[in-house]
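Reading the structure
The primary structure of each chain is shown beneath.
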Amino acid sequence: KKRCGRCHAVGAAVKSPIGAAPNLWDRLRSYPSERLDIELAEGMGSRHPTMPQIQFTAEEIAALQSYLAGDPR
């Protein structure tokens, strides 16, 4: 929520605050977990010019993986 929630939905079946921004719960759960770790650590980028590239700490990645393993409803 802190890093991405301004533009993206971060829970299941929730619409993003910005309509064109994908729901990250759905998008990130589709990644293989080991690949997601690498993407988050290196800084997930986007072809969208206003999206910042954010590098996540090891602690943030572990928390995100734990969150994605659950059901946020």
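Higher on the page you've got the structure.
Note that the structure is predicted; figures quoted are calculated from it, not measured.

The full count for this structure, using the stated rule, is two salt bridges. Arginine 3 is the partner of glutamate 60 in a salt bridge, and the nearest nitrogen-oxygen pair spans 3.1 Å. Taken as a pair, glutamate 60 in helix α3 (residues 58-69) and arginine 3 in the segment before α1 (24-29) lie far apart in primary sequence, 57 residues in all. Take glutamate 60: its relative accessible area is 24%, and that puts it in the partly exposed class.

Attention now moves to the nonpolar core. If you look at the biggest cluster of nonpolar residues, it comprises twelve residues: Ala12, Leu24, Trp25, Leu28, Leu36, Leu40, Met44, Ile54, Phe56, Ile61, Leu64 and Leu68. Secondary structure elements with two or more residues in this core: α1, α2 (33-42) and α3. Not counting the four nearest positions on each side in its chain, leucine 64 is found in contact with Leu28 and Leu40.

What counts and what doesn't
- Residues numbered from 1 in each chain as written.
- Predicted model: local features only at pLDDT ≥ 70, side-chain atom pairs only at ≥ 80, totals over all residues.
- Heavy atoms only, no water.
- Salt bridge = Lys/Arg side-chain N within 4 Å of Asp/Glu carboxyl O.
- Helix = DSSP H or I, 4+ residues; strand = E, 2+ residues; numbered from the N terminus.
- Buried < 20%, exposed > 50% of the residue type's maximum accessible area, 1.4 Å probe, protein only.
- Core = buried A, V, L, I, M, F, W, Y, C linked by side-chain atoms within 4.5 Å.
- Contact = heavy atoms within 4.5 Å.

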